[in-house]
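Residues per chain, in single letters:
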Amino acid sequence: MPEGHILHRLARLHQRRFAGAPVAVSSPQGRFATEAARVDGLVLKRADAWGKHLFHRYADGPIVHVHLGIYGHFTEFFLPDDDGAAPDPVGQVRMRMIGTEFGTDLRGPTACEVFDEAQVADVIARLGPDPLRADADPGLAYQRIIKSRRPIAALILDQKVIAGAGNIYRSEVLFRHSIDPYRPGTKLSEADFTAIWTDLVALMKVGLQRGNIVVVRSEDDHGAPAYAPGKPRTYVYRRAGDPCRLCGTTVHTAELEGRNVFWCPSCQR
């Protein structure tokens, strides 16, 4: 599932390419056809994100809410200069947006629906603060953490606690601050939380700017390869069985609340 910085990058891209002009919206697949007709031809006022949720806000009120889930993704295309005709859809395109110069196709999302402001507010009310939003209140996340006996690794991944952090960021930020992923939320000090939050903000901003996850400090990058070609270089994520970049101890993994968590048992005592 995409981490939160991907949704913020999409919001910026769609804001730049579509906002301020009418947008042709359709559903070649048909599953979004009725909803698409409600926004087709309207001016896109703004695109923004909160955690892993993307919102397209149109003139006169309707808002398209997208949650990519595990399989959802957008593909972009340019409109040719000669006749401006869009290419034929390929595959199951849930939503197609066409502007003056660009188009984008959405395939496989968990959610693609038209909301009003009250429904958007309901979604946001269920989410924790987003490290990439200027209006984020980290204190809200900490209050939820210290009231829970769940492991801190589970709490960071809980979108009701922190919106946007995914499995890579949670494993890596806990390693970077030498925190055992199984430490109960009730045992997390305010200083440790502040360090985690501050680091998440910085790391996710890098991801937003570059489009790539960068978590290994340059002084710790001693040539150990990424866990797979084209993937980010990490300290522990997807490196189970490999030596820790810092101490050489074998990296561990286990299933925690349905997701695999990774850690170094020596560095994260």
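Going by the annotation in an unreviewed UniProt entry, the name recorded for the chain is DNA-(apurinic or apyrimidinic site) lyase, with Mycolicibacter acidiphilus given as the source organism. The Sequence similarities (unreviewed entry) field of the UniProt record for the chain holds the comment "Belongs to the FPG family." Its UniProt record gives the chain the following Cofactor (unreviewed entry) comment, quoted word for word: "Zn(2+)".

### Looking at the overall build of the chain
When helices and strands are counted, the chain shows seven helices and ten strands. For the chain, whose C-alpha radius of gyration is 20 Å, the value lies close to the compact-globule estimate of 18 Å for 269 residues. The principal-axis extent of the C-alpha atoms belonging to the chain is close to 60 × 40 × 30 Å. Looking at the chain as a whole, 48% of its 269 residues qualify as buried. Nonlocal contacts in the chain, meaning residues at least 24 apart in sequence, comprise 60% of its contacts between residues at least 6 apart. The positive charge centre, built from 34 side chains, and the negative charge centre, built from 31, are 6 Å apart in the chain.

### Structural notes on the state of the cysteines
In total, this model carries zero disulfides according to the counting rule given. Here Cys247 stays free of any disulfide, with the sulfur of Cys264 as its closest cysteine sulfur at 3.6 Å. Free cysteine: Cys267, not disulfide-bonded; nearest cysteine sulfur from Cys247 at 3.7 Å.

### Examining the packing of aromatic side chains
Two numbers describe a pair of aromatic rings. These are the distance of the centres and the angle of the planes. One pass over the structure, following the stated rule, counts seven aromatic pairs. Considering the side-chain rings of Phe78 and Phe102, the 5.1 Å spacing of their centres and the 55° angle between planes classify their relative orientation as tilted. Note that Phe78 is positioned in strand 5 (residues 73-78) and Phe102 in strand 7 (residues 102-107), a separation of 24 residues in sequence. Aromatic pair Tyr182 and Trp263: ring centres 5.6 Å apart, planes at 75°, arrangement edge-to-face. Placement of Tyr182 in the loop between helix 6 (167-176) and helix 7 (190-210) and of Trp263 in strand 10 (residues 259-263) is noted, with a sequence separation of 81 residues between them. An aromatic cluster is built from Tyr142, Phe193 and Trp197, whose rings are joined through pairwise contacts. Directly above the aromatic system of Phe102 lies the positively charged group of Arg17, at a separation of 4.1 Å from the ring centroid.

### Focus: the packing of helix 4 (residues 138-146) against helix 7
For the pair helix 4 and helix 7, the least separation of the axes is 11 Å and the interaxial angle reads 130°. The angle between the axes of helix 4 and helix 7 places the two elements in the oblique class. Helix-helix and strand crossings are classified by hand; for helix 4 and helix 7 the assignment is right-handed. In this structure, helix 4 uses Pro138, Ala141, Tyr142 and Ile145 to contact helix 7, whose residues at the interface are Glu190, Phe193 and Trp197. Split by residue class, the contact of helix 4 with helix 7 holds six nonpolar, no polar and one charged.

### Here we look at the pattern of salt bridges
Summed over the entire model, instances satisfying the criterion amount to 14 salt bridges. With its nearest N and O atoms 3.9 Å apart, the salt bridge here joins Arg17 to Glu76. Taken as a pair, Arg17 in helix 1 (residues 4-18) and Glu76 in strand 5 lie far apart in primary sequence, 59 residues in all. The exposure class of Glu76 is partly exposed, given its relative accessible area of 32%. The shortest N-O distance in the salt bridge between Glu117 and Arg57 comes to 3.5 Å. Here Glu117, found in helix 3 (residues 117-125), pairs with Arg57, found in strand 3 (residues 53-58); they are 60 residues apart in sequence, far enough to count as distant. Shared partners join several salt bridges into a network, and the residues in it are Arg46, Asp48, Arg57 and Glu117.

### Quick notes on the nonpolar core
Core analysis: the biggest nonpolar cluster contains 40 residues, and Ile152, Leu174 and Ile196 have the highest contact counts within it. Mapped by element, the contributors of at least two residues to this core are helix 4, helix 5 (152-157), helix 6, helix 7 and strand 10. Top element by residues in this core is helix 7. It accounts for eight residues. Residues within four places of Ile196 in sequence aside, it is in contact with Ile156, Val173, Leu174, His177, Ile179 and Leu188.

### Some thoughts on the UniProt feature "domain: FPG-type" (unreviewed entry) in the chain
UniProt's entry tags residues 235-269 with the feature "domain: FPG-type" (unreviewed entry), counted in the numbering of this structure. Span residues 235-269 is 0% helix and 29% strand, its end C-alpha atoms 16 Å apart.

Conventions used here
Residues numbered from 1 in each chain as written. Predicted model: local features only at pLDDT ≥ 70, side-chain atom pairs only at ≥ 80, totals over all residues. Heavy atoms only, no water. UniProt positions renumbered as here; feature names shortened; annotations may be inferred. Helix = DSSP H or I, 4+ residues; strand = E, 2+ residues; numbered from the N terminus. Rg over C-alpha atoms; globule rule 2.2 N^0.38 Å. Buried < 20%, exposed > 50% of the residue type's maximum accessible area, 1.4 Å probe, protein only. Contact = heavy atoms within 4.5 Å. Lys, Arg positive; Asp, Glu negative; His and termini not counted. Charge placed at Lys NZ, Arg CZ, Asp CG, Glu CD. Disulfide = S-S within 2.5 Å. Phe/Tyr/Trp six-rings, centres within 6.5 Å; stacked < 30°, edge-to-face > 60°. Lys NZ or Arg CZ within 6 Å of the ring centre and 35° of its normal. Axes fitted to C-alpha atoms, helices over the stretch in contact; angles between N-to-C directions. Parallel < 35°, antiparallel > 145°, perpendicular 65-115°, else oblique. Left-handed = near helix turned anticlockwise from the far one by under 90°. Nonpolar A, V, L, I, M, F, W, Y, C, P; charged D, E, K, R; others polar. Salt bridge = Lys/Arg side-chain N within 4 Å of Asp/Glu carboxyl O. Core = buried A, V, L, I, M, F, W, Y, C linked by side-chain atoms within 4.5 Å.

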